[in-house]
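The primary structure of each chain is shown beneath.
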Amino acid sequence: MVDITFGPEPGKRPDLTNPTESYIHQTRRKRLYGFILLMLFVALMAAGFRTAEDRNAGDFLSGLHQLGDFPAEVLSEAWSNRANLPGLVWQYLPSLLETINIAATATLLGAIAGAILALGATRNLARFPLLTPLYRRTADLLRAIPEIVIALILIFILGGGPIPAVLAIALHTAGALAKLFSESAENADLKPVEGLASTGAAWSQQIWLGILPQVAPNWLSYALLRFEINVRASAILGFVGSGGIGYDLKLAMQWGGGKYDQVVAIFALLFLAIIVFDQLSAYARNRLVKGQ
Amino acid sequence: MTDATYVSVQRRFQTRRLTAFAIPALILLYLTYICISFDIAGLAARARLDNAAILTADFVSYKTHVTRDNRSGDLTIAIEGESKGTYAPGQRPDWVQTSGDITRIDLGKGHLVTYDSTGARYVVPGYGTIDIQPEDGKLKLTAPQPTPDWINVGDTRISVTTPQGRFAYSRSKVETFKYQPGWELFFFTLDSPFYGKTYGQLTAMLMGDRIDPARSNLALMASDFWHNKMWHHADVAWALFETLLMAFLGTMGAALVALPLAFLAAANFAPFRAVRFAFRRVFDFLRGVDGLIWTIVLARAFGPGPMTGALAILLTDTGTFGKTFSETLENIDEKQVEGVRSTGAGALQRARFGVIPQIAPVLLSQVLYYLESNTRSATVIGAIVGGGIGLLLTQAIITQKDWEEVAYYMLLIVLMVMAMDTLSGWIRRKFIKG
């Protein structure tokens, strides 16, 4: 249909037995499909953007002018109170530490749970190969539940504080890491395991001595990457729920004008922490994966 | 074996043995510190297990309030106590029976509640009768002694909680909550002609005479379901769409913005080292500021809504994509570009025919991965900027009463993320592995 509608006019149909003409014909057709797909995509993006803009409180163009207003207002107020900033940074340091502790604990717990799930979900390593689908679906489910859902429900039961955030992030981390761990464990060499099995080693010893040393660099690198993500997640959860520097940010923001020096101190701490942990973890991951 | 190698092997064994103990010990030490700093010991005191019980019960069941106004004597029976779920007088369920002033409520398993003109009585099998009568503005309780802890007695309010339901008497009203399994009114509300019908009856109604002469019964049924006043299916579907829209616009927009910029940040394409350095720092900045801060700043300029959420995702991911795309560009095979160059192609044509075909599968795979992960982020961002299913979920949790709605939204979010996961996996397999 397409080549009748858009192709050369009837009567001058290309001779497809001629390889050159056939190639040109094929390319033209491919390009046409690509173009149609692109147009469709552009139309979809434009329509989607219009819909989103309609539902928004402010529209895009008028908002664009105000984009700098809030940062300017915040920064100018913070500048006039700049003498407070070092003190405020010092004051919010414990909250930042709490946010980082939430992320670290969640990554630690999530990595342990993820490793257990991964070992159960990897076909050639599992203790009970019949149960691998169960482990896999559990990991999928844990991965699919957003942290905020678990966090808000746990806040209702456990009250505020860092523990709901830790558990929420840890559950999601367990699911995400289980998938990555299991993928790298699938590629592990089974010869050490066979060697250990021949000496009569138990399953736990085979895994501990035969598999873990092989996958440890990869697993650690994934866990570090997850830690970077979790630092951000724990800041956001603090803002929506409770605990850590995110909560302080929410309190300072709710106050509005007059406490913008606090907002700036928190922004700066958060920004620095994210950059520092990104760099540290990138450096460590490079060393782990590419060797010394 | 020489002595030197023997010593060095011995030393390596020793350090290994040491680390094998040191690492678990360090982890344990850290967790101990966390236990103290997060006050795990105090958790037991703070935890509200009764809240957990309400929550799990509410997830899978609904309650019906049978309320009598003690001043006017009016009786209302309402699902979840909402006016939208109030039974019309002729429609009352068979476990509530009224004759004159007397109302009998059968909570099941022999639990009987009776309201009458003197007060109210609750018969609990194996315990006895709890009788409450107002006297001089106070409540007089007659019940077998000693009073168990599931009866809460105050001067102005007495409440009873049993596995079969809850009962509360105050001066102004007397209320009984009956719990029943399921999510009531999920399909049709009480005012719909289709309420309480079995599947067989519904099929028969589809074939039968028109209830509303203006449209077919199927259309009426669809509209009654879609505009269900308790569950708001239309609004929920729209919210899900809004969340997906935020993730789609943010991810795709970021990919479109980042692709040309990545050329300027890649070592083998950047015209000057300074340009490359500048763009790398811009990407680092966009990523480092993080979605949370972008969301807050953008919400101030554009107001709450899905566009703000989409733009926040767009900004953060422009940083991420800029970094990963430029890394991909640095790893391309130069030979193909050389080949295109030898035909006399310009810079744009070299990029289009020499570079893009090489990197397209990698880029597509990254974009799809982020699309899936952003569906989850869009739920959280929606809760902050006020759009999509994230907003509905946080509102439902904050009101702390409609937990079955929370369960419903959670289920929908999980299904949505899993669907996106499957879809992106399918596209990846289809387009990338051929």
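Given the structure is predicted, the values throughout are model-derived calculations rather than measurements. (Residues numbered from 1 in each chain as written. Chains lettered and ligands numbered in written order. Predicted model: local features only at pLDDT ≥ 70, side-chain atom pairs only at ≥ 80, totals over all residues. Heavy atoms only, no water.)

Peer 1: Teacher, can you tell me more about the overall build of chain B here?
Peer 2: What chain B contains, in helices and strands, is 12 helices and 12 strands. Overall, chain B is about 100 × 80 × 45 Å in size when its C-alpha atoms are taken along their principal axes. Sequence separation of at least 24 residues holds for 56% of the intrachain contacts in chain B that already meet a minimum separation of 6. (Helix = DSSP H or I, 4+ residues; strand = E, 2+ residues; numbered from the N terminus. Contact = heavy atoms within 4.5 Å.)

Peer 1: Could you clarify how one ought to interpret helix H4 (residues 69-80) of chain A in this entry?
Peer 2: Because an α-helix completes one turn every 3.6 residues, residues spaced three or four positions apart along the sequence face the same direction. Its 12 residues place the ends of H4(A) 16 Å apart at the C-alpha level, agreeing with the 16 Å of an ideal helix rising 1.5 Å per residue. For H4(A), the complete set of buried residues consists of Phe70(A), Val74(A), Glu77(A) and Ala78(A). For H4(A), the arc enclosing every buried residue in end-on projection is 100°, short of the 170-degree limit, so these residues lie on one face. In H4(A), the exposed residues that point more than 90 degrees away from the buried face are Leu75(A), Trp79(A) and Ser80(A). On its buried face, H4(A) is in contact with helix H3 (60-66), helix H5 (85-121), helix H11 (244-255) and helix H12 (260-290) of chain A together with helix H7 (273-302) of chain B. (Expected span 1.5 Å × (residues − 1). Buried < 20%, exposed > 50% of the residue type's maximum accessible area, 1.4 Å probe, protein only. Arc of directions from axis to C-beta.)

Peer 1: So what exactly am I meant to see when it comes to the environment of Pro24(B) here?
Peer 2: Residue and element names in this part refer to chain B. Inspection of the secondary structure puts Pro24 in helix H1 (residues 3-37). On the basis of relative accessible area, Pro24 is assigned to the partly exposed category, the value being 42%. Counting along the chain gives 310 residues from Pro24 to Glu334, while the straight-line C-alpha distance between them is 47 Å.

Peer 1: Where do I start with the interface of chain B and chain A in this structure?
Peer 2: For an interface, size is often stated in terms of accessible area lost upon the parts coming together. Contact residues are listed per partner, giving 64 residues for chain B and 59 residues for chain A. In total, about 5,600 Å² of surface goes out of reach between chain B and chain A, with carbon and sulfur atoms giving 77% of it. Between the two partners, chain B and chain A, sit 4 salt bridges. As a salt-bridge pair, Arg232(A) and Asp290(B) come within 3.3 Å of each other at their nearest N and O atoms. Remark: the boundary between chain B and chain A carries 10 residue pairs in polar contact (both at pLDDT 80 or more). When residues of the side of chain B that touches chain A are assigned to their parent elements, the largest contribution, 14 residues, is made by H7(B). Here the residues of the side of chain B that touches chain A sort into 44 nonpolar, 10 polar and 10 charged. (Buried area = accessible area lost by both parts, 1.4 Å probe. Salt bridge = Lys/Arg side-chain N within 4 Å of Asp/Glu carboxyl O. Polar contact = N/O pair within 3.5 Å; in protein donor to acceptor, adjacent residues only side chain to side chain. Nonpolar A, V, L, I, M, F, W, Y, C, P; charged D, E, K, R; others polar.)

Peer 1: I'm lost on the sheet that holds strand S12 (residues 173-181) of chain B in this one. Help?
Peer 2: Whether parallel or antiparallel, the strands of a sheet pair through hydrogen bonds between backbone atoms. Residue and element names in this part refer to chain B. Read from one edge to the other, the open sheet built from 6 strands follows the order S2-S1-S12-S11-S10-S9, with strand pairing classed as antiparallel. One side of each edge strand has no neighbouring strand; the edge strands of this open sheet are strand S2 (75-79) and strand S9 (151-153). Taken pair by pair, the neighbouring strands of this sheet meet at an average axis angle of 10°, ignoring direction. In this structure, S9 lies alongside strand S10 (residues 157-162), joined through 3 bridges in antiparallel fashion. Counterpart to Val153 in the pairing with S10 is Ile158. Relative to strand S1 (residues 61-69), helix H3 (residues 49-60) is tilted by about 100°, and along the sheet it contacts S1 and S12. (Pairing = 2+ DSSP bridges. Axes fitted to C-alpha atoms, helices over the stretch in contact; angles between N-to-C directions.)

Peer 1: Is there a simple way to explain empty space enclosed by the protein in this structure?
Peer 2: Where empty space is left in the structure can be found by rolling a water-sized probe over the atoms. All names here are of chain B. In this structure the tally under the stated criterion is 1 cavity of 30 Å³ or more. In this structure, the largest cavity spans a volume of roughly 80 Å³. Residue lining of the largest cavity: Tyr62, Ile79, Glu80, Glu82, Trp183, Glu184, Met230, Trp231, Asp402, Glu404 and Glu405, and that is the complete set. (1 Å grid on protein atoms, 1.4 Å probe; cavity = no way out; pocket = protein on both sides within 12 Å on 5 of 7 lines; lining within 4 Å. Points joined across faces, edges and corners; volume = space filled by probe spheres on them.)

Peer 1: What's the story with the packing of aromatic side chains in this structure? I'm lost.
Peer 2: The geometry of an aromatic ring pair is captured by two quantities: the separation of the ring centres and the angle between the planes. Residues and elements named next belong to chain B. Throughout the structure, instances matching the rule amount to 18 aromatic pairs over all chains. Judged by centre distance (6.1 Å) and plane angle (50°), the rings of Tyr30 and Tyr33 are tilted. One end of the pair is Tyr30 and the other is Tyr33, both in helix H1 and 3 residues apart, which spans about a single turn. Exposure remark for Tyr33: the relative accessible area of 36% places this residue in the partly exposed category. Relative to Phe241, the ring of Trp238 lies with its centre 5.3 Å away and its plane at 45°, an arrangement referred to as tilted. Linking Trp238 with Phe241, this pair stays in helix H6 (residues 233-265), spanning 3 residues, or about one helical turn. When its relative accessible area of 31% is taken as the criterion, Trp238 is described as partly exposed. Assessed through its relative accessible area of 37%, Phe241 is described here as partly exposed. An aromatic cluster of at least three residues, connected via ring pairs, comprises Phe321, Phe325, Tyr369 and Tyr370. The ring of Trp95 has Lys178 sitting right over it, with the charged end atom 5.0 Å from the ring centre. (Phe/Tyr/Trp six-rings, centres within 6.5 Å; stacked < 30°, edge-to-face > 60°. Lys NZ or Arg CZ within 6 Å of the ring centre and 35° of its normal.)

Peer 1: I keep staring at the domain arrangement of chain B and nothing clicks. Help me out?
Peer 2: Under the domain assignment, chain B is made up of domain 1 (61-181) and domain 2 (233-432). A separation of 55 Å is found between the C-alpha centroids of domain 1 of chain B and domain 2 of chain B. (Domains from an automatic or database assignment.)

Peer 1: Even after reading the chapter, I still don't get the pattern of salt bridges, so can you show me in this structure?
Peer 2: All names here are of chain B. Across all of its chains, the model carries 19 salt bridges over all chains by this definition. Salt-bridge contacts for Arg121 lead to Asp131; the nearest nitrogen and oxygen are separated by 3.1 Å. Of this pair, Arg121 sits in strand S6 (residues 119-124) while Asp131 sits in strand S7 (residues 128-135); the two residues are 10 residues apart in sequence, bridging distant segments of the chain. A residue is classified by how much of its surface remains accessible, and Arg121, at 26% relative accessible area, is partly exposed. For Asp131, a relative accessible area of 13% translates into the label buried. Between Glu327 and Lys323 there is a salt bridge, and its shortest N-O distance comes to 3.8 Å. Here Lys323 and Glu327 lie together in helix H8 (residues 306-330), a separation of 4 residues that amounts to about one turn.

Peer 1: When you look at the pairing of S7(B) in this model, what are you seeing that I'm missing?
Peer 2: Each regular strand shows side chains that alternate between the opposite faces of the sheet. Residues and elements named next belong to chain B. Where S6 lies against S7, 5 bridges are found, and the strand directions are antiparallel. From the neighbouring strand, Tyr122 faces S7, where its bridge partner is Ile130. With antiparallel pairing between neighbouring strands as the criterion, S6 and S7 make up a hairpin whose turn holds 3 residues, including Gly126 at a positive phi of roughly 85°. With 5 bridges joining them, S7 and strand S8 (residues 138-142) adopt antiparallel strand pairing. Bridging across to S8, Ile132 finds its partner in Leu141. Between S7 and S8, which pair antiparallel and follow one another directly, the connecting turn spans 2 residues, one of which, Asp136, has a positive phi of 50°.

Peer 1: When you look at the nonpolar core in this model, what are you seeing that I'm missing?
Peer 2: A general trend in soluble globular proteins is that nonpolar side chains are found buried together. Counting residues in each nonpolar core, the largest one holds 144 residues, and the members touching the most others are Ile153(A), Leu249(A), Tyr115(B) and Phe167(B). Apart from residues lying up to four places away in sequence, Ile153(A) is in contact with Leu55(B), Phe59(B), Ile397(B), Trp403(B), Val406(B) and Met410(B). Of all hydrophobic cores here, the second largest spans 14 residues; its members include Ala118(A), Leu125(A), Phe181(A) and Val193(A). (Core = buried A, V, L, I, M, F, W, Y, C linked by side-chain atoms within 4.5 Å.)

Peer 1: Where do I start with the packing of H6(B) against helix H11 (residues 388-399) of chain B in this structure?
Peer 2: Residues and elements named next belong to chain B. At a minimum axis distance of 5 Å, the contact between H6 and H11 shows a crossing angle of 125°. Classified by the angle between their axes, H6 and H11 sit oblique to one another. Contacts from Asp235, Val236, Ala239, Leu240, Glu242, Thr243 and Met246 in H6 reach Gly388, Ile389, Gly390 and Leu392 in H11. Tallied by class, the residues present in the contact of H6 with H11 amount to 6 nonpolar, 3 polar and 2 charged. (Parallel < 35°, antiparallel > 145°, perpendicular 65-115°, else oblique.)

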